[in-house]
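An overview of the molecular structure
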Amino acid sequence: MQRFSRSCLRAVLLLSSALALHAQSTLQGVVADSEGGAIANAIVRIHWDPASPRLQARNVVTKQEDIVVQTAEDGSYSVNLAPGFYDIFVTSTAFEPAATKVRTLSGKTSTFSSKLKFSKIVCDEVCETIATPAR
């Protein structure tokens, strides 16, 4: 009887691990400037969107807190998410922000790459602040 219980427990753990892996999706991309140069340390904010519950019923969805990641030196980022709808916001100093809506599916990889445009207004403000030392 004890062997049967251990075998059942192992089967349940194996099945739950497989289901947890299957319920994951991946969002990845690259953030670059308008000329294609990588933007390191750009901020990518991922906000779960509870909209469209009829469509979300097809996926395993749980409410999540915002996820914030920074891009690597080559401008890339990658994050594992629960399947669902997300609003993606990308920002970096001296550039105009970008935003989009992305749907991730269970076991699939979704991509959102962004080319940010240089913003003279933001740069003028930031450059002035950096150039003028605090007194």
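Since we're looking at a predicted model, the values are computed, not measured. (Residues numbered from 1 in each chain as written. Predicted model: local features only at pLDDT ≥ 70, side-chain atom pairs only at ≥ 80, totals over all residues. Heavy atoms only, no water.)

This part covers the nonpolar core. Residues Leu27, Val31, Val44, Ile46 and Ile88 are the most contacted members of the largest nonpolar core, which totals 20 residues. Taken together, the elements giving at least two residues each to this core come down to β1 (25-33), β2 (43-49), β4 (76-81), β5 (84-91) and β6 (98-104). In this structure, Val31 is in contact with Gly37, Ala38, Ile39, Ala42, Val44, Thr71, Gly75, Tyr77, Val90, Ser114 and Leu116, ignoring residues within four places of it in sequence. (Core = buried A, V, L, I, M, F, W, Y, C linked by side-chain atoms within 4.5 Å. Buried < 20%, exposed > 50% of the residue type's maximum accessible area, 1.4 Å probe, protein only. Helix = DSSP H or I, 4+ residues; strand = E, 2+ residues; numbered from the N terminus. Contact = heavy atoms within 4.5 Å.)

On average, residues of the chain score 78 in pLDDT, and 63% of them reach the 70 mark or higher. Of the regions scoring below 50 in pLDDT, residues 12-21 engages in 0 contacts with residues more than four places distant in sequence or in other chains. (pLDDT = per-residue confidence, 0-100.)

When you tally the buried positions in β5, you get 6 out of 8 residues, the bulk of the element. Examined bridge by bridge, β2 and β5 share 7 bridges and lie antiparallel to one another. Within β5, the residue paired with Ile43 across the bridge is Thr91. With 7 bridges joining them, β5 and β6 adopt antiparallel strand pairing. Note that in β6 the partner of Phe85 across the bridge is Arg103. (Pairing = 2+ DSSP bridges.)

This next bit is on the environment of Ala51. By the element assignment, Ala51 lies in the loop between β2 and α2 (53-56). Relative accessible area serves as the criterion here: at 34%, Ala51 is assigned to the partly exposed category.

Here we come to the sheet that holds β5. Strand pairs in the sheet, formed through backbone hydrogen bonds, run parallel or antiparallel to each other. Here 4 strands make up an open sheet; going across it, the order is β3-β2-β5-β6 and the pairing antiparallel. Edge positions in the sheet fall to β3 (67-70) and β6, since each of these pairs with one other strand and no more. Each strand of the sheet is rotated relative to its neighbour by a mean of 25 degrees, with strand direction disregarded. For β2 and β3, the ladder comprises 4 bridges, and the chain directions are antiparallel. Its bridge partner being in β3, Ile43 is matched across the sheet by Gln70. (Axes fitted to C-alpha atoms, helices over the stretch in contact; angles between N-to-C directions.)

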